[in-house]
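Here are the chains, one letter per residue:
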Amino acid sequence: MARDSQAALVALNRFGFGARGGASGDFINAASDPRGFVIADLARPNGALLEMPGLLSTAELGKQVFDYQFEVQQARNAAKAAQSTMSETAPAGDAKPAQRRNLSLSSAAKEIAGKDPAMQAPGQMADSANAGAMQPPANPAKPPAEPPNIIQKTFRTEALARLQRGVVADCGFAERLVVFWSNHFCISANKGALARMWAGSFEREAIRPHVLGRFADMLKAVEQHPAMLFFLDNQQSLGPDSRAGLNRKRGLNENLAREIMELHTLGVGGGYTQDDVTALARVITGWTFAGRQGQLGAPGSFVFNANAHQPGPQQVLGKTYSQNGVAQGEAVLADIARHPSTAKFIATKFARHFVADDPPPALVAKLQDVFTRTDGDLKALATALVQSNEAWQTPLIKMRSPYEFLIASGRLLARNPEDPGRYLNGLNLLGQPLWTPAGPNGFPDSNAAWAAPEGIKLRLDIAAQLGAQLADRFDPRELLELVAADAASAETRRTVERAESRPQALALLLMSPEFQRR
């Protein structure tokens, strides 16, 4: 039974988000057939898709934000004109009239990001070393906050849908795959209003439909998605010899081309040169999205602007691609997706995420071979990972990321969120704000990043808060059986049983290696 329990712990923690407190069968099912329990998550039709009421397409969201920004600008212009008229009509010698506050204009002209703590970046939040920052108390002396604008509402709606899926998912392997690929092909919601508005729809449209499909299809969907084009400034890139480039005296922006090669496919040392980056940047000029007026297509949708595209053939990685509009770039992406360096880079990163910072070379080689033989079949890649002995024999030594920790806590304590604020603030506090990495390389994926003493202290604060709030609803000793059963170490069992109080026992359980490691 101990061996079955250990395998169940691997199934639940390494491949999922842990056991659910309201489903005592999770651990039993995982122990009876660990590999089958995980692989079953890949067999659910459309199991990675996220379709809920209120979740709109990128184009629909684009139109909303364009209209909102236009209204804000009009309000600012009107306020400025009104102030100018007041100044011009003031009697000579009189003091300049005090500016009258127009509440409706003031509200409309608020900064796009707003002042909602859940929407702010970590550096903008008040520094706090306690978990109370997850749910800040109301301040009666402060005036009521402005109602959330359309960008804030959309971000919170998308966040809530993603959080709820993680908390209620059966095993959670498919959802873990979504999180992995979303961080691999990341954007940052801090880029601006469009990035914040599109962060959720980018994941729903470019990542989720392909996590069990082909890598080449995901790559194309990602690089043509308006959120990625905006995040890496490709809408500003003009072919130097294109009609738009000649008229505007502007040229290439290589951001997207460089990250495609360095971060998305080939990896550093993957055999490409600066000339390849420049050539790819020329190839994808004209890849953009339609603006508010919709001259090239539906506002907020991907479009190819032929007037911005660099004419002529281009040579990338030793192969020449003829001028063929948008198909020229699609052909390059298709070939890069099949490049041997891409197979090695993806296999290594995949094994590093799920197994160990220094993954077994035999496992990496196996995954690389599967990726190559199946033409980038990501379901086959995930299946090969689960079926490998290395994935089960390697100890659970990786620290859960802040997102994984909070979702695992919500699952164990049966707290399906009705509002995303507590989770969003907790992620901000722990240094992993949702969809907001510091750069295009995504959030770190190593023990060094998440096991630092200051991070552990903040996790303990959150665990203590949860213990204080919820201990009267649970017996921590019973929860320990759901978390690890016979796989729990004698030290963990003794620590939980000898805690001074039930709140302390629950907090210690949440901080145990059996809960924190994956």
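Residues numbered from 1 in each chain as written. Predicted model: local features only at pLDDT ≥ 70, side-chain atom pairs only at ≥ 80, totals over all residues. Heavy atoms only, no water.

K.L.:
What is the right way to read the overall build of the chain from this model?
P.N.:
Scanning the chain from N- to C-terminus turns up 26 helices and four strands. Put simply, of all contacts in the chain between residues at least 6 apart along the chain, 75% involve residues at least 24 apart. For the chain, the computed accessible surface area is about 22,500 Å², with 52% contributed by carbon and sulfur atoms. (Helix = DSSP H or I, 4+ residues; strand = E, 2+ residues; numbered from the N terminus. Contact = heavy atoms within 4.5 Å. Areas by Shrake-Rupley, 256 points an atom, 1.4 Å probe, with all protein chains shown as cover.)

K.L.:
Would you mind going over the environment of Ala347 with me for this structure?
P.N.:
Along the polypeptide, Ala347 turns up in helix 15 (residues 340-354). Looking at Ala347, the relative accessible area reads 0%, which means it is buried. (Buried < 20%, exposed > 50% of the residue type's maximum accessible area, 1.4 Å probe, protein only.)

K.L.:
Mind showing me how you'd approach the pattern of salt bridges here?
P.N.:
Side chains that carry opposite charge are capable of pairing whenever their charged atoms lie near each other. One pass over the full model with this rule turns up 27 salt bridges. Of the charged contacts in the structure, one is a salt bridge between Asp357 and Lys398, with a shortest N-O distance of 2.4 Å. Here Asp357, found in the loop between helix 15 and helix 16 (361-373), pairs with Lys398, found in the loop between helix 18 (390-393) and helix 19 (402-412); they are 41 residues apart in sequence, far enough to count as distant. Assessed through its relative accessible area of 30%, Asp357 is described here as partly exposed. Bridged by salt links that share partners, the residues Arg176, Asp357, Lys398, Glu404, Asp445 and Arg518 form one connected network. (Salt bridge = Lys/Arg side-chain N within 4 Å of Asp/Glu carboxyl O.)

K.L.:
Help me understand the packing of aromatic side chains, please; the structure alone is not making it clear to me.
P.N.:
The description of two aromatic rings rests on the distance between their centres and on the angle between their planes. Considering all chains together, one arrives at 19 aromatic pairs under this definition. Centre to centre, the rings of Phe180 and Phe354 are 6.2 Å apart; their planes meet at 40°, and the pair counts as tilted. Here Phe354 lies in helix 15 and Phe180 lies in helix 7 (residues 173-184), a separation of 174 residues in the sequence. In this structure, Phe180 and Phe354 share a single accessibility class: buried. (Phe/Tyr/Trp six-rings, centres within 6.5 Å; stacked < 30°, edge-to-face > 60°.)

K.L.:
Looking at this model, I keep getting lost on the side chain of Arg459. Mind explaining?
P.N.:
Residue position: Arg459 is located in helix 22 (residues 453-470). Contact partners of Arg459, with chain neighbours within four places excluded, come to Met399, Arg400, Ser401, Pro402, Phe405, Leu430, Trp450, Met511 and Gln516.

K.L.:
What am I meant to see in the packing of helix 23 (residues 476-483) against helix 25 (residues 502-510) here?
P.N.:
Packed helices, taken two at a time, are described by the angle between their axes plus the distance between the axes. Put simply, helix 23 and helix 25 touch, their axes get as near as 9 Å, and they point 15° apart. On the basis of the axis angle, helix 23 is roughly parallel to helix 25. As for how helix 23 packs across helix 25, the hand of that crossing is right-handed. Two secondary-structure elements touch here, helix 23 through Pro476, Leu479, Leu480 and Val483 and helix 25 through Arg502, Ala505, Leu506 and Leu509. For the contact of helix 23 with helix 25, the per-class residue count stands at seven nonpolar, no polar and one charged. (Axes fitted to C-alpha atoms, helices over the stretch in contact; angles between N-to-C directions. Parallel < 35°, antiparallel > 145°, perpendicular 65-115°, else oblique. Left-handed = near helix turned anticlockwise from the far one by under 90°. Nonpolar A, V, L, I, M, F, W, Y, C, P; charged D, E, K, R; others polar.)

K.L.:
Quick question: what am I supposed to make of the nonpolar core here?
P.N.:
Within soluble globular proteins, side chains that are nonpolar generally end up buried alongside one another. Within the largest apolar cluster, 134 residues are counted, with the highest numbers of intra-cluster contacts made by Phe15, Phe173, Trp181, Phe185 and Phe350. With nine residues, the single largest contributor to this core is helix 8 (residues 193-207). When sequence neighbours within four positions are dropped, the list of residues in contact with Phe173 reads Phe15, Gly16, Val38, Asp41, Leu42, Phe354, Ala382 and Val386. (Core = buried A, V, L, I, M, F, W, Y, C linked by side-chain atoms within 4.5 Å.)

K.L.:
Help me understand helix 16 in this model?
P.N.:
Three- or four-residue spacings in an α-helix give side chains the same orientation, since the helix completes a turn every 3.6 residues. For helix 16, with 13 residues, the first-to-last C-alpha span of 18 Å sits near the 18 Å given by 1.5 Å per residue. Taken as a whole, helix 16 has its buried residues at Leu363, Val364, Leu367, Val370 and Phe371. Along helix 16, the residues classed as buried sweep out an arc of 130° about the axis, all on the same side. Set apart from the buried face of helix 16 by more than 90 degrees, the exposed residues are Pro361, Thr372 and Arg373. If you follow the buried residues of helix 16, they end up packed against helix 9 (215-223), helix 14 (326-337), helix 15, helix 17 (378-387) and helix 18. (Expected span 1.5 Å × (residues − 1). Arc of directions from axis to C-beta.)

K.L.:
I'm lost on the side chain of Glu223 in this one. Help?
P.N.:
The residue Glu223 is located in helix 9 in this model. Side-chain polar atoms of Glu223 contact the side chain of His264, separated by 2.7 Å. (Polar contact = N/O pair within 3.5 Å; in protein donor to acceptor, adjacent residues only side chain to side chain.)

K.L.:
What's the story with the environment of Leu510 in this structure? I'm lost.
P.N.:
Relative to the elements of secondary structure, Leu510 occurs in helix 25. Between the C-alpha atom of Leu510 and that of Leu460, which follows or precedes it by 50 residues, the distance is 8.3 Å. Each residue touching Leu510, except ones within four places of it in the same chain, is listed here: Phe405, Ser409, Leu412, Leu413, Ala463, Leu466, Phe515 and Gln516.

K.L.:
I tried to follow the environment of Met228 on my own but got confused; where do I start?
P.N.:
Structurally, Met228 is set in helix 10 (residues 226-231). When the C-alpha positions of Met228 and Leu256 are compared, they lie 8.1 Å apart, and in sequence the two are 28 residues distant. Those residues within four positions of Met228 in sequence are excluded, and the remaining contacts are Phe185, Cys186, Ile187, Phe202, Val222, Glu223, Leu256 and His264.

K.L.:
For this particular structure, what's the right way to read unusual backbone geometry?
P.N.:
Leave glycine aside and you will find that most residues have negative phi; peptide bonds, for their part, are mostly trans. Of note in this structure, Asn46 is not a glycine but carries a positive phi near 55°. Assignment of secondary structure puts Asn46 in the loop between helix 3 (34-39) and helix 4 (58-89). Exposure remark for Asn46: the relative accessible area of 59% places this residue in the exposed category. Notably, Leu317 is not glycine yet its phi reads approximately 55°, a positive angle. Take Leu317: it is sitting in the loop between strand 3 (314-316) and strand 4 (319-321).

K.L.:
Honestly, the packing of helix 16 against helix 17 in this entry has me stumped. Any pointers?
P.N.:
As a packed pair, helix 16 and helix 17 sit with axes 9 Å apart at the nearest point and diverge in direction by 155°. One finds that helix 16 runs roughly antiparallel with respect to helix 17. Relative to helix 17, helix 16 is oriented so that their crossing is right-handed. Here Leu363, Leu367, Val370 and Phe371 of helix 16 come into contact with helix 17, specifically with Leu378, Ala380, Leu381, Ala384 and Leu385. Within the contact of helix 16 with helix 17, the residues separate by chemical class into nine nonpolar, no polar and no charged.

K.L.:
What should I look at first to understand the confidence of the model for the chain in this one?
P.N.:
Low pLDDT marks stretches whose predicted atomic positions should not be read closely. Scored by pLDDT, the chain comes out at a mean of 89, with 87% of its residues at no less than 70. Low pLDDT (under 50) marks residues 95-138, which in the prediction has 80 contacts with non-local residues, meaning those over four places away or in another chain. (pLDDT = per-residue confidence, 0-100.)

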